[in-house]
Amino acid sequence: MAFQLENISKQPLKPEAKSTINSLLEKEVVVLKKAFSNKVKEDFYTELSVLLKAGINLKAALELITNTQKNKKTKSILQTILGDVVSGKSLSDAIKNQNEFSDYEYHSLKIGEETGTLHRIAEQLGSFYNRKNEQRKHLINALTYPCIILTTAILVVIFMLQFVVPMFEDIFKQQQIEMPAITVFVVNISGFIKSHGIWLVLGIVSLIFLRLFFNKKPWYKRIKDKGLNRIPFVGSFIQTVYLSQFTQAIALLTASKVPIVNSITLVKQMIDYYPLTIALNKVEKQLLKGESLSESLGAHKLFDQKMIALVKVAEETNQTEFMFERLNSQYNAKVQQRSKLLSTVMEPIIILFVGLFVGFILIAMYLPMFKLSSILG
């Protein structure tokens, strides 16, 4: 998403004529992708903030952003929002009718419109999604190389079980060699893969596609997030990522003068992490009973003692926004450190695991070979 500030007019912009080849090259292919992903939202709010700061009115800014879109779904949504704004609705009311936007964004923009700071709120929302996208990149970068190694190793092991082990098995049967238990175990696994391998592959592919349908189900989120939390290194890293997003969201809402109870309610809708959602539900109830934020957070293991101590100081000094910005910087730095550590630690662990598994297969195959050499000798 990009735009030019030069030659901006108040009339709707007309797209330039393009050749057929260029049109084909510039078409955006989207498979199972949201029309308003976090990346699109980051660009949208950032560009909207820049245009509003430059003195362009909201209608002209939306026209400009809409006409620079290549994705048809995204452009269609923006055209609907633009039409609502032209008809007299506010931007917050216009996005409220769109499922792609959350109540968090609606209330933030509404506060910006009421206080005359829409450009600042748009900038903060752009910053929120920028940080969220950066953390996602850190997570992907940390897991990509280990996943490649693990996938390659699994394919190597499957190849050995599918082709190498049966060759040894034929030799042992021809020579009528009694196979030890470890060899029988590996041969049975090889036979199972040869007989049911296609069903295993279809089952894995089916699970991947079913995940797309179950991704919004509460029971699936609960099982998935609890399972990820139990993985060494990975669980604590994911938890740190979401705590960073939580502190940034609270800082943004506090800066917009949103009451803390309402902030907690909005953050629950913005961050899709089951343990955090459950904790915030309880925090919200405790706040409504009259407890302080630090006391409410302290009742849950998800929030560490450092956060609780700083929140308590923020309540006493009325510096909530500053403290949560400080916490967000610390958590973000921790995310970057742990992403590097995670990649560094997982690589040798996976290599060790693969080495043990391959060594186990080789030992199982070579034990009967010693008997064969003694017979031939």
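Residues numbered from 1 in each chain as written. Predicted model: local features only at pLDDT ≥ 70, side-chain atom pairs only at ≥ 80, totals over all residues. Heavy atoms only, no water.

Caption draft 1: View of the overall build of the protein. Counting its secondary structure elements, the protein contains 15 helices and zero strands. The burial tally for the protein puts 40% of its 377 residues in the buried class. Long-range pairs, those at least 24 residues apart, make up 66% of the contacts in the protein with a sequence separation of at least 6. Summed over its atoms, the accessible surface of the protein is roughly 22,000 Å², and 60% of this surface lies on carbon and sulfur atoms. (Helix = DSSP H or I, 4+ residues; strand = E, 2+ residues; numbered from the N terminus. Buried < 20%, exposed > 50% of the residue type's maximum accessible area, 1.4 Å probe, protein only. Contact = heavy atoms within 4.5 Å. Areas by Shrake-Rupley, 256 points an atom, 1.4 Å probe, with all protein chains shown as cover.)

Caption draft 2: Highlighting the pattern of salt bridges. For the structure shown, the criterion picks out seven salt bridges. Lysine 53 is paired through a salt bridge with glutamate 123; the nearest N and O atoms lie 2.8 Å apart. Taken together, the positions of lysine 53 in helix α2 (residues 38–53) and glutamate 123 in helix α7 (residues 118–174) put the pair 70 residues apart, joining distant regions of the chain. Note that glutamate 63 and lysine 59 form a salt bridge whose closest N and O atoms lie 2.7 Å from each other. Residue glutamate 63 and its partner lysine 59 are located together in helix α3 (residues 58–67), separated by four residues, close to a single helical turn. By relative accessible area, lysine 59 is classed as partly exposed at 32%. Shared partners join several salt bridges into a network, and the residues in it are Lys39, Glu42 and Asp43. (Salt bridge = Lys/Arg side-chain N within 4 Å of Asp/Glu carboxyl O.)

Caption draft 3: Looking closely at helix α11 (residues 260–270). All of the buried residues in α11 are Ser263, Ile264, Leu266, Val267 and Met270. Packed against the buried residues of α11 are α6 (103–115), α7, α10 (234–255), α12 (274–288) and α13 (293–298).

Caption draft 4: Broad picture of a negative patch on the surface. A surface patch of negative charge is lined by Glu291, Glu295, Glu315 and Glu316. Tracing the chain through its elements places glutamate 291 in the loop between α12 and α13. (Patch = residues over 30% accessible without salt bridge, like charges linked within 9 Å, V, L, I, M, F, W, Y side chains within 5 Å. Lys, Arg positive; Asp, Glu negative; His and termini not counted. Charge placed at Lys NZ, Arg CZ, Asp CG, Glu CD.)

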